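Residue-level structural notes
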Amino acid sequence: FPTVITPIEDTPAYKAGLKSGDHIVKIDGKPTKNMSLVDVVKLIRGLKGKPVILTIMREGLTTPQDYKVVRDIIKVKSVKYKMLEDGYGYVRVTQFQEKTSKDLELAMADLEKQNKKPLKGLILDLRNDPGGLLDQAVGVADKFIPEGLIVYIEGRKKADDKMRFYAKKRDDYTGPLVVLVNEGSASASEIVAGALQDHKRAILVGTKTFGKGSVQTIFPLNDGSAVKLTTAKYYTPKGRSIQSTGITPDIVVKLPTPAPAKDGKPVEKEPEAKAVKP
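Residues numbered from 1 in each chain as written. Predicted model: local features only at pLDDT ≥ 70, side-chain atom pairs only at ≥ 80, totals over all residues. Heavy atoms only, no water.

**Some remarks on the overall build of the protein chain**
- Of regular secondary structure, the protein chain possesses 6 helices and 17 strands.
- For a compact globule of 278 residues, the expected C-alpha radius of gyration is about 19 Å, and the protein chain comes in at 20 Å, within 12% of that figure.
- Dimensions along the principal axes, computed over C-alpha positions, put the protein chain at roughly 55 × 55 × 35 Å.
- The burial tally for the protein chain puts 42% of its 278 residues in the buried class.
- In the protein chain, of all internal contacts separated by at least 6 residues, the share reaching a separation of at least 24 is 63%.
- Accessible area for the protein chain stands at about 15,900 Å²; split by element, carbon and sulfur atoms hold 54% of it.
- The average position of the 47 basic charges and that of the 34 acidic charges among the side chains of the protein chain differ by 2 Å. (Helix = DSSP H or I, 4+ residues; strand = E, 2+ residues; numbered from the N terminus. Rg over C-alpha atoms; globule rule 2.2 N^0.38 Å. Buried < 20%, exposed > 50% of the residue type's maximum accessible area, 1.4 Å probe, protein only. Contact = heavy atoms within 4.5 Å. Areas by Shrake-Rupley, 256 points an atom, 1.4 Å probe, with all protein chains shown as cover. Lys, Arg positive; Asp, Glu negative; His and termini not counted. Charge placed at Lys NZ, Arg CZ, Asp CG, Glu CD.)

**Focus: the sheet that holds strand E9 (residues 163-167)**
- Spatially, E9-E8-E13-E12 is the arrangement adopted by the 4 strands of the open sheet, whose pairing is antiparallel. Edge strands, defined here as strands with exactly one partner in the open sheet, are E9 and strand E12 (214-220). Mean inter-strand twist for the sheet, computed between neighbouring axes without regard to direction, equals 25°.
- Where strand E8 (residues 148-155) lies against strand E13 (residues 226-235), 4 bridges are found, and the strand directions are antiparallel. Its bridge partner lying in E13, Glu154 is registered against Lys233.
- Its contacts with the sheet place helix H4 (residues 134-142) against E8, E9 and E13, and it is angled at close to 155° to E8. (Pairing = 2+ DSSP bridges. Axes fitted to C-alpha atoms, helices over the stretch in contact; angles between N-to-C directions.)

**Quick look at the pattern of salt bridges**
- Here the structure, examined in full by the defined rule, presents 12 salt bridges.
- In this structure, Lys80 and Glu9 form a salt bridge, with 3.2 Å as the shortest nitrogen-oxygen distance. Taken together, the residues Lys80 in strand E5 (residues 79-83) and Glu9 in the segment before helix H1 (12-16) connect sequence positions 71 residues apart.
- A salt bridge links Lys120 to Asp86; its shortest N-O distance comes to 2.8 Å. Taken as a pair, Lys120 in the loop between helix H3 (100-115) and strand E7 (121-125) and Asp86 in the loop between E5 and strand E6 (88-93) lie far apart in primary sequence, 34 residues in all.
- In this structure, a network of salt bridges that share partners links the residues Glu9, Asp10, Lys80, Arg92, Asp125 and Arg127. (Salt bridge = Lys/Arg side-chain N within 4 Å of Asp/Glu carboxyl O.)

**What to know about H4**
- Most of H4 is tucked away: 7 of the 9 residues are buried.
- Here H4 has its buried residues at Gln136, Ala137, Val138, Gly139, Val140, Ala141 and Asp142.
- On its buried face, H4 is in contact with H3, E8, E9 and helix H6 (188-198).

**Some remarks on the packing of H3 against H4**
- Contact geometry of H3 with H4 gives a least axis separation of 8 Å together with a crossing angle of 25°. In terms of orientation, H3 and H4 fall into the roughly parallel class. Contacts between H3 and H4 involve Thr100, Ser101 and Leu104 from the former and Gln136, Gly139 and Val140 from the latter. (Parallel < 35°, antiparallel > 145°, perpendicular 65-115°, else oblique.)

**As for the packing of H4 against H6**
- At a minimum axis distance of 9 Å, the contact between H4 and H6 shows a crossing angle of 30°. As summarised for this structure, H4 and H6 are arranged roughly parallel, according to the angle between their axes. In the crossing of H4 with H6, the sense of the turn from one axis to the other is right-handed. Contacts between H4 and H6 pair Leu134, Ala137, Val140 and Ala141 from the former with Ala188, Ile191, Val192 and Leu196 from the latter.
- Counted by class, the contact of H4 with H6 contains 8 nonpolar, no polar and no charged residues. (Left-handed = near helix turned anticlockwise from the far one by under 90°. Nonpolar A, V, L, I, M, F, W, Y, C, P; charged D, E, K, R; others polar.)

**Some remarks on the side chain of Asp142**
- Summarising the element assignment, Asp142 is placed in helix H4.
- Put simply, Asp142 is tucked away with no salt bridge, and the nearest opposite charge, on Arg170, sits 4.0 Å away.
- With residues up to four places along the chain from it excluded, the contact list for Asp142 reads Ile150, Ala167, Lys168, Arg170 and Asp172.

**Digging into the environment of Tyr81**
- By secondary structure assignment, the location of Tyr81 is in strand E5.
- Residue Tyr81 is classed as partly exposed on the basis of its relative accessible area, which comes to 35%.
- On a C-alpha basis, the gap between Tyr81 and Lys200 in space is 23 Å, while along the polypeptide they are 119 residues apart.
- With residues near it in sequence (within four places) discarded, Tyr81 still touches Tyr90, Val91, Ala107, Asp110, Leu111 and Gln114.
- At 2.7 Å, the side chain of Tyr81 and the side chain of Asp110 are in polar contact. (Polar contact = N/O pair within 3.5 Å; in protein donor to acceptor, adjacent residues only side chain to side chain.)

So, in C-alpha cells, the structure goes:
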C-alpha cells in the first residue's frame, strides 16, 4: 500500500490528521494495493475545495479509518518561530526551500529583538520535515556550527564525486540548542541533525529519523525519456551514512501509537522519554 512518509505542515493532509507511517488502503473507496505512485497521485489530486476520502490504516488501529481531505492550493511557509517563556526561542523548519536559511536568520534576529537580549536557549524543530535543497540545509547548519565540515557526498568514483561542505565563520548562534526529530525527518533535515550531533553542538530529542541520504541523478535518453539513478550518498562529518540508517537522537522520546477511542477517534497519550548514549 502507498505509505505516508511525512504530512507536510499546514497542508490539507496535515490538517485532516494524517501521520507518518499511515498506509492509504483506499482513495474514494478504490483499493490502492499494488497501485503505482503515479495513479495514487492522480486520484488524490483534484480541484480546490473538492474533498477526497482517504481510508487509512495505521499501527495501533484495529480497523481502517476514513479521513476527509479537502483539496487546496498548497503554499508551505518554510520557517515559523515564536518566543517561549523565560527567554527561550522556538524555530520550526517545515521544509528546506530556496530562502530557508535567510528566513532562519531573520527569525533568529526577531527572537533576540523580542527577548531584548541574547536567548537563553533555542529549540529547532525538524519533525516531519521531508527535506529539500542541499544548499539550504548547509546554510541552516552553518548558523549553529562555527567551523568545520557539515556534510559530504561520496559516490563510487571518489575522486570525481566527493563534495564537501564546510561551515563559515560568521555571526552564529552559540547558545544552548535542542533539535527535535522523528521518523518523518528526512534528507536535508537529517543532514542538519547529523552535523549538529557530530559537532556536539546540539542535543537531539525524539525518534530515529527516516534515513534518506542518497543522491539521485537524471540521465536524459535520446527518445525523450530518462533514467534516474542513485549516484552517491550523504555522510555526516564523522562519516556516518544517512541512507537507510537515519540519525538516532541523544534522547529518545517515543509518542505512543494512537489508540481508537469509543467515538472512533485516535487518543494521544503522554510521551515516554529514554536517554541513549550519543
